[in-house]
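Working through the structure, step by step
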Amino acid sequence: MREMPGPTAGRPPHPTRPFPTGTVLGGGRCFPPPLLFPCSGAEHPRPGQRRCRWPGRCRCLGAVPGEVPVPGAVSGAVPVPRAAARADPGAGRGGAVEQTPPVAHGSPGLGEMPMAISPGLLVVAGSFAAFRLLNRGLERLVPPPPSARRNRWKWRNIWTSLAHSVLSGGGALAGFCLHPGLSEDLVGTHPPGAHSLVAVSVGYFLEDFVDMLCNQKLHQSWELLFHHSVVIVCFGIAVLLHQYVGFALVALLVEINSIFLHLRQILLMANLVHTTCYRLNSIINLGTYVVFRIATLAWMTRWLFLNRENVPPATYAVGTVGMAIMTPMNIILFYRLLRSDFFKSSREVQREKEQ
């Protein structure tokens, strides 16, 4: 007869370290994957409740299909498969039935089939193809005015970017409005669809990177190419690890301001600079720039600093470098907008329209 595990069996050696594969947990609790913060017991399923907070990425007991909690089992005992439970009702209470080790979600062991392509990568690929098709068809949907026909690719590019900004910025804002408690845990929890929204944004930035690389000279687009590279790396980490999705969702709030930035470029190319619509858009653009771009980046930098002890060093380094790059770039862009829209000369406007 096997010796029953002690009362400390299944407890993690450190609150932020994962259990090794095959570790037996007790009480039907679900523990987060490696990079999460320590979480309260209220976030885990109760004993016998087969519902996982982190499906496919945790190692938990009572959340694996095919395993059932045995009545009267001691906390920390190995779960018994359904077939074994039906064959021997005494299993799990010190019976002689051979017990099956628990399944480690998302961590296939030796001899198992290789892991399939991540759904997040499929969303990224689909998003890239969709924005590419949209870019190709926009010239028919929104024909360029005579003043923009010399630069047709940029006309299509700006409208494609506007579509992404409306989708991602509106989606991120809706996520925080519908889930006010999201800001309490930006690492391990996120609203339904948030992961897909971040993956869609990665696909867009890849498409825009390729579009600029193929149609614009490098000395004209290197700043945006560099910006897109940083965003793709940071968002890609969130998509692949299914972590920091909430943090990426905060970053997508910046796209609310991008809506008015792209509208400004469209009005410039349509030669509508001296109109009330352009003036009104310029004021809204600066207001949303301060609220949704500068203030958001400042809040993200503060969050990284306050949680530096809970974030793994590699992830913290990537986030810090990203913030160190994005913040100066956005301050410079804010200065350019002020100078162009409120202290501009006709020569500067013409030069900006031709770029």
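What counts, and where the lines are drawn
- Residues numbered from 1 in each chain as written.
- Predicted model: local features only at pLDDT ≥ 70, side-chain atom pairs only at ≥ 80, totals over all residues.
- Heavy atoms only, no water.
- Axes fitted to C-alpha atoms, helices over the stretch in contact; angles between N-to-C directions.
- Helix = DSSP H or I, 4+ residues; strand = E, 2+ residues; numbered from the N terminus.
- Parallel < 35°, antiparallel > 145°, perpendicular 65-115°, else oblique.
- Left-handed = near helix turned anticlockwise from the far one by under 90°.
- Contact = heavy atoms within 4.5 Å.
- Phe/Tyr/Trp six-rings, centres within 6.5 Å; stacked < 30°, edge-to-face > 60°.
- Buried < 20%, exposed > 50% of the residue type's maximum accessible area, 1.4 Å probe, protein only.
- pLDDT = per-residue confidence, 0-100.
- Patch = residues over 30% accessible without salt bridge, like charges linked within 9 Å, V, L, I, M, F, W, Y side chains within 5 Å.
- Areas by Shrake-Rupley, 256 points an atom, 1.4 Å probe, with all protein chains shown as cover.
- Salt bridge = Lys/Arg side-chain N within 4 Å of Asp/Glu carboxyl O.
- Polar contact = N/O pair within 3.5 Å; in protein donor to acceptor, adjacent residues only side chain to side chain.
- Nonpolar A, V, L, I, M, F, W, Y, C, P; charged D, E, K, R; others polar.

Two numbers describe how helix α2 (residues 119-141) lies on helix α4 (residues 194-215): the axes approach to 7 Å, and their chain directions differ by 50 degrees. Looking at the two axes, α2 sits oblique to α4. Judged by the sense of rotation from one axis to the other, the crossing of α2 with α4 is right-handed. Contacts between α2 and α4 involve Gly 120, Val 123, Val 124, Ser 127, Phe 128, Phe 131, Arg 132 and Asn 135 from the former and His 195, Ser 196, Ala 199, Val 200, Val 202, Gly 203, Tyr 204, Leu 206, Glu 207, Val 210 and Asp 211 from the latter.

Moving on, we get to the packing of aromatic side chains. Scanning the entire structure with this criterion turns up six aromatic pairs. Measuring from ring centre to ring centre gives 6.1 Å for Trp 155 and Trp 159, while their planes differ by 65 degrees; the resulting arrangement is edge-to-face. Here Trp 159 and Trp 155 lie together in helix α3 (residues 152-178), a separation of four residues that amounts to about one turn. Trp 155 gets classed as buried once you look at its relative accessible area, which sits at 5%. Since its relative accessible area comes to 23%, Trp 159 is described here as partly exposed. On the numbers, 5.3 Å between centres and 35 degrees between planes, the contact of Tyr 289 with Phe 334 is tilted. Placement of Tyr 289 in helix α8 (residues 276-306) and of Phe 334 in helix α9 (residues 313-342) is noted, with a sequence separation of 45 residues between them. Like Tyr 289, the residue Phe 334 is buried in the burial classification.

Right, let's get into the confidence of the model for the chain. Summarising the model, the chain shows a mean pLDDT of 74, and 64% of its residues fall at 70 or more. Contacts from residues 6-54, a stretch scored under 50 in pLDDT, to residues over four places away or in other chains number 106 contacts. Low pLDDT (under 50) marks residues 57-114, which in the prediction has 105 contacts with non-local residues, meaning those over four places away or in another chain.

Where nonpolar side chains cluster on the molecular surface, the patch consists of Ile 117, Leu 121, Leu 122, Leu 240 and Leu 241 and spans about 480 Å² of accessible area. The set of elements that each furnish at least two residues to the nonpolar patch consists of α2 and α5 (218-241). The residue Leu 240 is located in helix α5 in this model.

If you walk through the whole model with that rule in mind, you get six salt bridges. One salt bridge in this structure joins Arg 156 and Glu 139, with 3.1 Å as the shortest N-O distance. Placement of the pair is Arg 156 in helix α3 and Glu 139 in helix α2, with a sequence separation of 17 residues. Note on Arg 156: relative accessible area 12%, which makes it buried. Classification of Glu 139 by relative accessible area gives partly exposed; the value is 23%.

Take the environment of Phe 128 next. By secondary structure assignment, the location of Phe 128 is in helix α2. Separated by 79 residues in the primary sequence, Phe 128 and Glu 207 have C-alpha atoms spaced 5.5 Å apart. Ignoring sequence-local partners within four residues, the contact set of Phe 128 consists of Gly 203, Leu 206, Glu 207 and Val 210.

With respect to the helices and strands, the residue Asp 185 is situated in the loop between α3 and α4. A polar contact is formed between the side chain of Asp 185 and the backbone nitrogen of Gly 188, at a distance of 3.3 Å.

At their nearest, the axes of α3 and helix α7 (residues 254-269) sit 8 Å apart, and the two run at 155 degrees to each other. Between α3 and α7, the interaxial angle falls into the category roughly antiparallel. Seen along the crossing, α3 lies across α7 with a hand that is left-handed. Mapping the contact onto sequence places Lys 154, Trp 155, Ile 158, Trp 159, Ser 161, Leu 162, His 164, Ser 165, Val 166, Ser 168, Gly 169 and Leu 173 in α3 and Glu 255, Ile 256, Ser 258, Ile 259, His 262, Leu 263, Gln 265, Ile 266 and Met 269 in α7. Counted by class, the contact of α3 with α7 contains eleven nonpolar, eight polar and two charged residues.

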